[in-house]
Amino acid sequence: MFIRPKSLSSESKRELFSQGATRSTLKNNMRNFHSLSQLVLSAGPLKSTPAVKHAKTSHFEIEILDAQTRKQICIVDKVTQTSTIHDVKQKFHKEYPKWYPSRVGLQLERGGPFLKDYVTIQSVAASSIVTLYFTDLGQQVSWTTVFLAEYTGPLLIYLLFYLRIPYIYDMKESSRRMRHSVVHLACFCHCIHYIRYLLETLFVHRVSAGHTPLKNLIKGCAFYWGFTSWIAYYINHPRYTPPSFGNRQVMVSAINFLICEAGNHFINVVLAHPNHTGTNACFPSPNYNPFTWMFFLVSCPNYTYEIGSWISFTIMTQTLPVGIFTLLMSIQMSLWAQKKHKIYLKKFNSYMHRKSAMIPFIL
């Protein structure tokens, strides 16, 4: 008789049970996976966790210290990224009305250069707190005021000497001696020179909107007014003697003076409007005007014509004070011309070859 073993039947049951359990587990896993998929789809696309970045500061806090004592003067808060040094000076002026913006000098470091008004706070800020050092620049005046004062004085002073007002010359001697024609011509040329200066300051030159210490105005006026008084006293003196070569020397010098004055004016017009777009992006170039052709030879023809005017005036009047003034002006303008020439070489190297600074082929 065949007997079915019990162990086989029990093992079969166990296998069937395990298979059923496995199927139920798979079903549960499938349900869980389906639920998870639905949850992910309903939540939208997964986003990666952004890397931690230092957010840009929207506002800055400006701490202003005294440059000498390092003591805190004030704190200017809520300064935006686009704010400039000029804006900080305006807020500082509201706190301390006696220090108007042009009188305030701000530095990043003690003894360092003063920050320009157009510099933005964001460009100098290393953190949300910016420390600046304050220096009182003293009483300030605008550049336009400086130029007008420097040029108006010589114009009026020369006319006072030309009119021979009392207490300057001996009245009896003045009435007894007749003036030479060069005296009248010298007054005309001198007035033309400074009237041109004044008109160009008002209508031609693009004078900087910045300011300069009052002491610079005093020094400039002392130089121009003092030399004008010395020059005018000699030329308009009753005992003044005309040039050695007479009218020929006077007329040739006067014509050359007027040519240099005209050239100086046209060069200044070109410098004020260097190209048709009115920008300073390119080196000023000569145009149809023959006076501007000096740009082919030198980089600062305005100084060339200026020195030419004073050399002509020196030869025309043949006086020592004018010669000394011309020499000092030549030295100063040669320094200015060389400085500008170096700047032009960096910016416009392709235009500056074979050019001199002020005197063709020499300087």
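Scroll up a little and you will see the structure.
What this report covers is the structure whose coordinates are included nearby.

About the thresholds
- Residues numbered from 1 in each chain as written.
- Predicted model: local features only at pLDDT ≥ 70, side-chain atom pairs only at ≥ 80, totals over all residues.
- Heavy atoms only, no water.
- Core = buried A, V, L, I, M, F, W, Y, C linked by side-chain atoms within 4.5 Å.
- Buried < 20%, exposed > 50% of the residue type's maximum accessible area, 1.4 Å probe, protein only.
- Helix = DSSP H or I, 4+ residues; strand = E, 2+ residues; numbered from the N terminus.
- Contact = heavy atoms within 4.5 Å.
- Expected span 1.5 Å × (residues − 1).
- Axes fitted to C-alpha atoms, helices over the stretch in contact; angles between N-to-C directions.
- Parallel < 35°, antiparallel > 145°, perpendicular 65-115°, else oblique.
- Phe/Tyr/Trp six-rings, centres within 6.5 Å; stacked < 30°, edge-to-face > 60°.
- Lys NZ or Arg CZ within 6 Å of the ring centre and 35° of its normal.

**What about the nonpolar core?**
Moving on, step 1. Judged by nonpolar contacts, the single largest core of 48 residues is most densely connected at Y158, Y194, I231, I235, F313, M316 and F325.
Moving on, step 2. Secondary structure elements with two or more residues in this core: α4 (143-162), α6 (181-203), α7 (214-235), α8 (246-272), α9 (301-317) and α10 (320-347).
Moving on, step 3. The biggest single contributor to this core is α6, with nine residues.
Moving on, step 4. Setting aside residues no more than four positions away along its own chain, M316 makes contact with V182, L185, A186, C189, Y240, P243, V250, S253 and A254.
Moving on, step 5. Judged by nonpolar contacts, the second largest core, of 20 residues, contains I85, F92, V119 and I121.

**Here's the deal with α9**
Moving on, step 1. With 17 residues, α9 extends 24 Å between its outermost C-alpha atoms, agreeing within 8% with the 24 Å of an ideal straight helix rising 1.5 Å per residue.
Moving on, step 2. By the criterion of burial, α9 is predominantly enclosed, with 15 of the 17 residues buried.
Moving on, step 3. Two residues or fewer after α9 comes Q318, characterised by a positive phi angle close to 55 degrees.

**Some points on the packing of α7 against α10**
Moving on, step 1. Two numbers describe how α7 lies on α10: the axes approach to 9 Å, and their chain directions differ by 150 degrees. As summarised for this structure, α7 and α10 are arranged roughly antiparallel, according to the angle between their axes. Listed contacts from α10 to F223, Y224, F227, W230, I231, Y234 and I235 of α7 are P321, V322, I324, F325, L328 and M329.

**Looking at the packing of aromatic side chains**
Moving on, step 1. The tally for this structure, following the rule as stated, stands at 25 aromatic pairs.
Moving on, step 2. Ring centres of F92 and F134 lie 5.2 Å apart, and the angle between their planes is 40 degrees; on these two criteria the pair is classed as tilted. Linking F92 in helix α2 (residues 85-95) with F134 in strand β4 (residues 129-136), this pair joins segments that are 42 residues apart in sequence.
Moving on, step 3. Considering the side-chain rings of W310 and F325, the 4.7 Å spacing of their centres and the 70 degrees angle between planes classify their relative orientation as edge-to-face. Taken together, the positions of W310 in helix α9 and F325 in helix α10 put the pair 15 residues apart, joining distant regions of the chain. Each member of the pair W310 and F325 is classed as buried.
Moving on, step 4. Over the ring of W99 we find K98, and its NZ or CZ is 4.7 Å from the ring centre.

**Comments concerning unusual backbone geometry**
Moving on, step 1. The phi dihedral of R70 is positive, around 65 degrees, even though this residue is not glycine.
Moving on, step 2. You will see that Q318, though not glycine, has its phi angle at about 55 degrees, which is positive.
Moving on, step 3. With respect to the secondary-structure elements, Q318 resides in the loop between α9 and α10.

Function cannot be read off these values alone, since they describe shape.
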